[in-house]
Amino acid sequence: MAKFLAELLGCTLPSKGASPMFESKSHSRVGLKSSTKQKTTIFSTLASEKSLSDCKKEQQWKLSMYGSITPVCFTSPLIEKPIGKESMPQTPPFSAMFDSSGYNRNLYQSAEDSCGGLYYHDNNLLSGSLEALIQHLVPNVDYYPDRTYIFTFLLSSRLFMHPYELMAKVCHLCVEHQRLSDPDSDKNQIRKIAPKILQLLTEWTETFPYDFRDERMMRNLKDLAHRIASGEEQTYRKNVQQMIQCLIRKLAALSQYEEVLAKISSTSTDRLTVLKTKPQSIQRDIITVCSDPYTLAQQLTHIELERLNYIGPEEFVQAFVQKDPLDNDKSCYSERKKTRNLEAYVEWFNRLSYFVATEICMPVKKKHRARMIEYFIDVARECFNIGNFNSLMAIISGMNMSPVSRLKKTWAKVKTAKFDVLEHQMDPSSNFYNYRTALRGAAQRSLTAHSSREKIVIPFFSLLIKDIYFLNEGCANRLPNGHVNFEKFWELAKQVSEFMTWKQVECPFERDRKILQYLLTVPVFSEDALYLASYESEGPENHIEKDRWKSLRSSLLGRV
């Protein structure tokens, strides 16, 4: 995990000659021109452009890191009347929980600055003791927590305690405080509180289903659900069954997805090995499989959205979890993580980069290599128009790898005018200002979309992780008085919830199994094999390259 983070957080968009995912001191010099086809583009949705200074101001944090966000009041932030079986609270979509101008922190309408261990400013929850925050999560007859608070606390609480420990506390509060264990308790009272507790459990299982891979979590869930369903209300039993069945389906889907990834990984082979053993078996290239770059961009979008969909929001927090200074025990996630979908997604980025470099270095003839470069430029351009920035960045990264960038005779045959727009939009300077502008445009287009295609927003994932990492590192989890710094976690939840909205979009394009199979399973060159293929295509230019070429021929081909 440490190696994964070291590689991930050192990344910017590589310049020519850099390997994927690693920082480069020079900037990319790749671009492309706009498509001749009339398609909806990201920039057509931007009503106005913000200046660079405005953008920098937006990205500065409080305490030199993040600035405060203006709170937005949503409709019915609190449930003001008891909820019967006919009107249980509903989980809103993430876009309704957090919007571009802020988030709902209007959780407690009180004129006091503190109440029950929770501290407010202008009615906005800023901090509190961990116990008070847990109490604030649990509903009662007259209160149901704001949905933004539920998401934010469930996301951030794992920095301080295991989810199973939180679940145990929630169950205890529900049972003891709401007297669910008392057979003589007022049935009318239970009838009022039961649907609220059930809804809290439903929101937890729907948003953080991977928590329930832990048997302790599932045991506590079933125990509390059984207490709710043991009454006379048939509706509660039905709702409990639906909740647990839905959870089991999600966990089964995750297991199946992990099996597929493991199978793909186990069958991956270095392309050079296959070439040496079965030279006739890899005569195909991507152009013979998919001659249309627009179709390839669409199939890449299928892969991106499928893999995004399996990343749980908690994985962003678990990736950077550290020891809680108030906890004498080991950190909350010193145990083996329940999932590794985030790492698998970054591995896909690297595979795509190496795939692009392999396809470019494979052809023997210079004109074929140049044609392949221009093909991938067209794919990248269409990825940009779709809003698939992760594939776009992976393609650029592959074309910027040293074995590709050193092919000067090949690049001389490429129409460099096609690179201008891409060079401008993906320039990593000013903290990827141009890319962030394009991402805002894609997000705005998604909010006002008239078609499923226009809803697609696939961010450059490594940069998203980097932003969340610096937010986590730049602000303390606890205040000097030991309270949880909840203002930090509002901002963390806002960033993660935006991603949650994007990952739920269904891909509108038709699947092509042949193309997908090729993209996911075709062998790719290792870095050494790429250099060897590059030297074989265009010979070494200096003594260092000549020595390396001889060494690679000897080690990889057994030739002198």
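Refer to the structure printed above.
Worth saying up front: this structure is predicted, and the values here are computed from it rather than measured.

Draft legend 1. Structural context of the environment of Lys 488. You can see Lys 488 is positioned in helix H22 (residues 486-503). Apart from residues lying up to four places away in sequence, Lys 488 is in contact with Leu 471, Asn 472, Cys 475, Ala 476 and Asn 477. For Lys 488, the side chain forms a polar contact with the side chain of Asn 477, separated by 2.5 Å.

Draft legend 2. Region of interest: the nonpolar core. Core analysis: the biggest nonpolar cluster contains 147 residues, and Ile 286, Leu 296, Phe 316, Phe 355, Phe 376 and Phe 461 have the highest contact counts within it. A total of 13 residues in this core trace back to one element, the largest contributor, which is helix H14 (residues 341-361). Split by domain, the residues of this core number at least three in each of domain 1 (121-248) and domain 2 (283-321 + 337-525). In this structure, Phe 376 is in contact with Ile 286, Leu 296, Phe 355, Val 356, Glu 359, Ile 360, Ile 395 and Met 399, ignoring residues within four places of it in sequence.

Draft legend 3. Looking closely at the packing of aromatic side chains. Evaluation of the coordinates by the stated rule reveals 23 aromatic pairs. Ring centres 4.0 Å apart and planes at 5° place the aromatic pair Tyr 257 and Tyr 310 in the stacked group. Taken together, the positions of Tyr 257 in helix H9 (residues 234-266) and Tyr 310 in the loop between helix H12 (293-309) and helix H13 (314-318) put the pair 53 residues apart, joining distant regions of the chain.

Draft legend 4. Expanded view of a positive patch on the surface. A surface patch of positive charge is lined by Lys 365, Lys 366, Lys 367, Lys 409 and Lys 413. Relative to the assigned elements, Lys 367 resides in helix H15 (residues 366-386).

Draft legend 5. View of empty space enclosed by the protein. Under the counting rule described, the total for this entry stands at three cavities of 30 Å³ or more. For the second largest cavity, the calculated volume is near 50 Å³. Around the second largest cavity, the lining residues are Leu 159, Phe 316, Val 317, Phe 320, Ile 468, Asn 472 and Leu 492. Sorting the residues of the lining of the second largest cavity by element identifies H13 and helix H21 (461-474) as the ones contributing at least two each. For the lining of the second largest cavity, the class distribution of residues is six nonpolar, one polar and no charged.

Draft legend 6. Examining unusual backbone geometry more closely. Phi angles above zero are rare outside glycine, and Asp 122 is one such case at about 55°. Here Asp 122 is to be found in the loop between strand E5 (118-121) and strand E6 (124-128). A positive phi angle, close to 55°, is found at Ser 430, a residue other than glycine. Here Ser 430 is to be found in helix H20 (residues 429-447). With a relative accessible area of 39%, Ser 430 lands in the partly exposed category.

Rules used throughout
- Residues numbered from 1 in each chain as written.
- Predicted model: local features only at pLDDT ≥ 70, side-chain atom pairs only at ≥ 80, totals over all residues.
- Heavy atoms only, no water.
- Helix = DSSP H or I, 4+ residues; strand = E, 2+ residues; numbered from the N terminus.
- Contact = heavy atoms within 4.5 Å.
- Polar contact = N/O pair within 3.5 Å; in protein donor to acceptor, adjacent residues only side chain to side chain.
- Core = buried A, V, L, I, M, F, W, Y, C linked by side-chain atoms within 4.5 Å.
- Buried < 20%, exposed > 50% of the residue type's maximum accessible area, 1.4 Å probe, protein only.
- Domains from an automatic or database assignment.
- Phe/Tyr/Trp six-rings, centres within 6.5 Å; stacked < 30°, edge-to-face > 60°.
- Patch = residues over 30% accessible without salt bridge, like charges linked within 9 Å, V, L, I, M, F, W, Y side chains within 5 Å.
- Areas by Shrake-Rupley, 256 points an atom, 1.4 Å probe, with all protein chains shown as cover.
- Salt bridge = Lys/Arg side-chain N within 4 Å of Asp/Glu carboxyl O.
- Lys, Arg positive; Asp, Glu negative; His and termini not counted.
- Charge placed at Lys NZ, Arg CZ, Asp CG, Glu CD.
- 1 Å grid on protein atoms, 1.4 Å probe; cavity = no way out; pocket = protein on both sides within 12 Å on 5 of 7 lines; lining within 4 Å.
- Points joined across faces, edges and corners; volume = space filled by probe spheres on them.
- Nonpolar A, V, L, I, M, F, W, Y, C, P; charged D, E, K, R; others polar.

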